[in-house]
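Inside the fold
Now for the letters of each chain:
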Amino acid sequence: MKKKMCLTAAALLCAFAAPAAQAAAVPQTATVPSHFETAWEQLLAQYGITKPGSSSNNNGNNSNNSGSGSNNNGNGSGSTGGTSTGTSSAAQAVLAEVNAARAQNGLSALTLDASMNRAAAVRAAELAQSFSHTRPNGSRGLTALNEAGVSYRTAGENIASGQQTAQAVVSAWMNSSGHRANILSSSFGRMGVGQATIGGRTYWVQLFAD
(Lines give C-alpha, C1' and ligand atoms only; values in the text may rest on other atoms or scores of the structure.)
Protein backbone atom coordinates (compact mmCIF):
# COMPACT_ATOMS: atom_id res chain seq x y z
CA MET A 1 0.00 0.00 0.00
CA LYS A 2 1.05 3.54 -0.45
CA LYS A 3 -0.28 6.85 0.72
CA LYS A 4 0.56 10.25 -0.63
CA MET A 5 -0.52 13.59 0.68
CA CYS A 6 0.29 16.81 -1.09
CA LEU A 7 -0.43 20.16 0.58
CA THR A 8 -0.71 23.26 -1.61
CA ALA A 9 -1.72 26.78 -0.69
CA ALA A 10 -5.42 26.08 -1.06
CA ALA A 11 -5.77 22.38 -1.66
CA LEU A 12 -5.13 18.99 -0.13
CA LEU A 13 -4.69 15.77 -2.08
CA CYS A 14 -4.37 12.16 -1.10
CA ALA A 15 -4.24 8.93 -3.12
CA PHE A 16 -4.45 5.33 -2.03
CA ALA A 17 -4.39 1.97 -3.75
CA ALA A 18 -4.25 -1.58 -2.47
CA PRO A 19 -3.97 -5.01 -4.12
CA ALA A 20 -6.72 -7.60 -3.91
CA ALA A 21 -4.81 -9.73 -1.41
CA GLN A 22 -4.83 -6.89 1.09
CA ALA A 23 -8.46 -6.07 0.45
CA ALA A 24 -9.47 -9.61 1.31
CA ALA A 25 -8.17 -9.16 4.85
CA VAL A 26 -10.37 -6.15 5.57
CA PRO A 27 -13.21 -6.63 8.09
CA GLN A 28 -16.56 -7.18 6.41
CA THR A 29 -18.58 -4.98 8.74
CA ALA A 30 -18.14 -1.64 10.43
CA THR A 31 -19.98 0.20 13.18
CA VAL A 32 -20.90 3.86 12.81
CA PRO A 33 -20.11 5.82 15.98
CA SER A 34 -22.99 7.72 17.55
CA HIS A 35 -21.09 10.99 17.22
CA PHE A 36 -21.06 10.93 13.39
CA GLU A 37 -21.94 14.37 12.10
CA THR A 38 -25.31 15.19 10.59
CA ALA A 39 -23.87 15.65 7.10
CA TRP A 40 -22.80 12.01 6.91
CA GLU A 41 -26.17 10.80 8.17
CA GLN A 42 -28.02 12.97 5.68
CA LEU A 43 -26.01 11.60 2.77
CA LEU A 44 -26.74 8.05 3.83
CA ALA A 45 -30.45 8.81 3.88
CA GLN A 46 -30.30 10.76 0.63
CA TYR A 47 -28.73 7.90 -1.28
CA GLY A 48 -30.65 5.13 0.45
CA ILE A 49 -27.57 3.49 1.96
CA THR A 50 -28.03 1.35 5.07
CA LYS A 51 -25.77 2.18 7.98
CA PRO A 52 -22.87 -0.21 8.59
CA GLY A 53 -23.77 -2.63 11.33
CA SER A 54 -27.31 -3.01 10.04
CA SER A 55 -27.11 -4.98 6.84
CA SER A 56 -24.17 -3.62 4.90
CA ASN A 57 -21.02 -5.37 3.79
CA ASN A 58 -17.63 -3.73 3.86
CA ASN A 59 -14.28 -3.92 2.09
CA GLY A 60 -11.11 -1.96 2.59
CA ASN A 61 -9.83 1.18 0.94
CA ASN A 62 -8.52 1.15 -2.57
CA SER A 63 -8.79 -2.52 -3.40
CA ASN A 64 -9.81 -4.77 -6.25
CA ASN A 65 -13.41 -5.42 -6.96
CA SER A 66 -15.35 -7.32 -9.58
CA GLY A 67 -19.01 -7.15 -10.30
CA SER A 68 -21.51 -5.36 -12.46
CA GLY A 69 -20.32 -2.01 -13.72
CA SER A 70 -23.19 0.07 -14.97
CA ASN A 71 -22.71 3.34 -16.84
CA ASN A 72 -24.48 6.02 -14.90
CA ASN A 73 -24.44 9.59 -13.78
CA GLY A 74 -24.18 10.54 -10.17
CA ASN A 75 -27.21 11.08 -8.09
CA GLY A 76 -29.15 14.23 -7.41
CA SER A 77 -28.00 17.28 -5.61
CA GLY A 78 -29.20 18.81 -2.39
CA SER A 79 -28.39 21.27 0.33
CA THR A 80 -28.93 20.81 4.05
CA GLY A 81 -27.45 22.38 7.15
CA GLY A 82 -24.50 24.04 5.41
CA THR A 83 -23.75 20.90 3.45
CA SER A 84 -24.29 20.69 -0.29
CA THR A 85 -23.63 17.98 -2.82
CA GLY A 86 -23.85 18.05 -6.61
CA THR A 87 -22.62 14.66 -7.59
CA SER A 88 -24.31 14.31 -10.98
CA SER A 89 -22.79 17.32 -12.72
CA ALA A 90 -19.51 16.98 -10.84
CA ALA A 91 -19.21 13.31 -11.78
CA GLN A 92 -19.78 14.01 -15.46
CA ALA A 93 -17.28 16.86 -15.45
CA VAL A 94 -14.61 14.82 -13.67
CA LEU A 95 -15.28 11.86 -15.97
CA ALA A 96 -14.71 14.05 -19.05
CA GLU A 97 -11.40 15.35 -17.68
CA VAL A 98 -10.22 11.88 -16.65
CA ASN A 99 -11.13 10.26 -19.94
CA ALA A 100 -9.39 13.02 -21.89
CA ALA A 101 -6.22 12.28 -19.91
CA ARG A 102 -6.61 8.54 -20.44
CA ALA A 103 -7.13 9.00 -24.19
CA GLN A 104 -3.93 11.03 -24.39
CA ASN A 105 -2.13 8.07 -22.83
CA GLY A 106 -3.67 5.42 -25.07
CA LEU A 107 -6.04 4.07 -22.41
CA SER A 108 -9.69 3.14 -22.71
CA ALA A 109 -12.33 5.39 -21.19
CA LEU A 110 -13.74 4.82 -17.72
CA THR A 111 -17.49 4.63 -17.17
CA LEU A 112 -19.45 6.06 -14.26
CA ASP A 113 -21.07 3.57 -11.92
CA ALA A 114 -24.13 4.79 -10.00
CA SER A 115 -23.36 2.72 -6.89
CA MET A 116 -19.77 3.94 -6.88
CA ASN A 117 -21.02 7.53 -7.13
CA ARG A 118 -23.11 6.94 -4.01
CA ALA A 119 -20.11 5.53 -2.16
CA ALA A 120 -17.93 8.45 -3.28
CA ALA A 121 -20.57 10.95 -2.10
CA VAL A 122 -20.53 9.41 1.36
CA ARG A 123 -16.73 9.49 1.41
CA ALA A 124 -16.68 13.15 0.32
CA ALA A 125 -18.86 14.12 3.29
CA GLU A 126 -16.63 12.12 5.62
CA LEU A 127 -13.54 14.06 4.53
CA ALA A 128 -14.83 17.10 6.42
CA GLN A 129 -14.42 15.06 9.61
CA SER A 130 -11.21 13.27 8.68
CA PHE A 131 -9.18 14.06 5.57
CA SER A 132 -7.78 10.58 5.29
CA HIS A 133 -8.18 7.21 3.58
CA THR A 134 -9.26 6.00 7.02
CA ARG A 135 -12.93 6.73 7.66
CA PRO A 136 -14.17 8.52 10.81
CA ASN A 137 -15.29 5.16 12.23
CA GLY A 138 -11.76 3.76 11.86
CA SER A 139 -12.42 1.50 8.86
CA ARG A 140 -10.60 1.81 5.56
CA GLY A 141 -11.96 4.19 2.92
CA LEU A 142 -12.98 1.61 0.35
CA THR A 143 -15.40 0.01 2.78
CA ALA A 144 -17.84 2.55 1.36
CA LEU A 145 -17.91 0.53 -1.88
CA ASN A 146 -19.28 -2.55 -0.19
CA GLU A 147 -21.80 -0.52 1.77
CA ALA A 148 -23.09 0.69 -1.59
CA GLY A 149 -23.27 -2.87 -2.95
CA VAL A 150 -20.23 -2.63 -5.25
CA SER A 151 -18.22 -5.78 -5.90
CA TYR A 152 -14.67 -5.62 -7.21
CA ARG A 153 -11.25 -7.25 -7.42
CA THR A 154 -9.14 -4.08 -7.61
CA ALA A 155 -10.01 -0.56 -6.54
CA GLY A 156 -8.44 2.77 -5.69
CA GLU A 157 -9.28 6.09 -4.11
CA ASN A 158 -8.18 9.69 -4.75
CA ILE A 159 -9.25 12.44 -2.38
CA ALA A 160 -8.82 16.21 -2.52
CA SER A 161 -9.98 19.36 -0.78
CA GLY A 162 -10.20 23.00 -1.73
CA GLN A 163 -10.52 22.90 -5.52
CA GLN A 164 -13.59 24.64 -6.91
CA THR A 165 -13.98 22.92 -10.29
CA ALA A 166 -13.63 19.48 -11.82
CA GLN A 167 -10.89 20.78 -14.09
CA ALA A 168 -8.92 22.11 -11.13
CA VAL A 169 -9.16 18.95 -9.06
CA VAL A 170 -8.27 16.60 -11.93
CA SER A 171 -5.36 18.86 -12.86
CA ALA A 172 -4.11 18.69 -9.27
CA TRP A 173 -4.45 14.91 -9.18
CA MET A 174 -2.67 14.56 -12.52
CA ASN A 175 0.25 16.57 -11.18
CA SER A 176 0.75 14.14 -8.29
CA SER A 177 2.30 10.77 -9.11
CA GLY A 178 0.12 8.65 -6.82
CA HIS A 179 -3.14 10.18 -7.99
CA ARG A 180 -2.02 10.12 -11.61
CA ALA A 181 -1.27 6.40 -11.28
CA ASN A 182 -4.86 5.71 -10.22
CA ILE A 183 -6.32 7.86 -13.00
CA LEU A 184 -4.14 6.22 -15.66
CA SER A 185 -4.34 2.66 -14.36
CA SER A 186 -5.22 0.09 -17.02
CA SER A 187 -6.67 -2.08 -14.24
CA PHE A 188 -9.67 0.17 -13.76
CA GLY A 189 -12.77 0.38 -15.93
CA ARG A 190 -15.28 2.07 -13.61
CA MET A 191 -15.25 5.22 -11.55
CA GLY A 192 -17.40 6.95 -8.97
CA VAL A 193 -17.15 10.64 -8.10
CA GLY A 194 -18.28 12.41 -4.95
CA GLN A 195 -18.29 16.12 -4.19
CA ALA A 196 -19.44 17.80 -0.99
CA THR A 197 -19.20 21.39 0.21
CA ILE A 198 -19.22 21.53 3.99
CA GLY A 199 -18.46 24.61 6.05
CA GLY A 200 -17.57 26.52 2.90
CA ARG A 201 -14.93 24.00 1.76
CA THR A 202 -15.30 21.59 -1.15
CA TYR A 203 -14.21 17.96 -0.83
CA TRP A 204 -13.69 15.57 -3.74
CA VAL A 205 -13.44 11.78 -3.98
CA GLN A 206 -12.68 9.48 -6.90
CA LEU A 207 -13.28 5.77 -6.42
CA PHE A 208 -11.94 3.37 -9.05
CA ALA A 209 -12.72 -0.29 -9.67
CA ASP A 210 -12.06 -2.90 -12.32
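Quick note: structure is the one above.
Please read these numbers as outputs of a predicted model, since none were measured by experiment. (Residues numbered from 1 in each chain as written. Predicted model: local features only at pLDDT ≥ 70, side-chain atom pairs only at ≥ 80, totals over all residues. Heavy atoms only, no water.)

**Here we look at helix α6 (residues 166–174)**
What α6 keeps buried is the set A166, V169, V170, W173 and M174. One side of α6 carries all its buried residues, which in axial view fall inside an arc of 135°. (Buried < 20%, exposed > 50% of the residue type's maximum accessible area, 1.4 Å probe, protein only. Helix = DSSP H or I, 4+ residues; strand = E, 2+ residues; numbered from the N terminus. Arc of directions from axis to C-beta.)

**Some points on the environment of H133**
Position of H133 relative to the elements: it lies in the loop between α4 (114–126) and α5 (143–147). Considered as a pair, H133 and I159 are 26 residues apart in the sequence and their alpha carbons are 8.0 Å apart. Of the polar contacts made by the side chain of H133, one reaches the side chain of E157; its length is 2.4 Å. (Polar contact = N/O pair within 3.5 Å; in protein donor to acceptor, adjacent residues only side chain to side chain.)

**Some points on the packing of aromatic side chains**
The relation between two aromatic rings is expressed through the spacing of the ring centres and the mutual angle of the planes. Taken as a whole, this structure holds one aromatic pair when the rule is applied. Judged by centre distance (5.3 Å) and plane angle (20°), the ring pair of F188 and F208 falls under stacked. Of this pair, F188 sits in the loop between α7 (177–183) and β8 (190–198) while F208 sits in strand β9 (residues 201–209); the two residues are 20 residues apart in sequence, bridging distant segments of the chain. Classification of F188 by relative accessible area gives buried; the value is 6%. (Phe/Tyr/Trp six-rings, centres within 6.5 Å; stacked < 30°, edge-to-face > 60°.)

**So, the pairing of strand β7 (residues 152–161)**
With nine of its 10 residues buried, β7 lies for the most part within the structure. Pairing between β7 and β9: seven bridges, direction antiparallel. Paired with G156 across the two strands is F208, which belongs to β9. (Pairing = 2+ DSSP bridges.)

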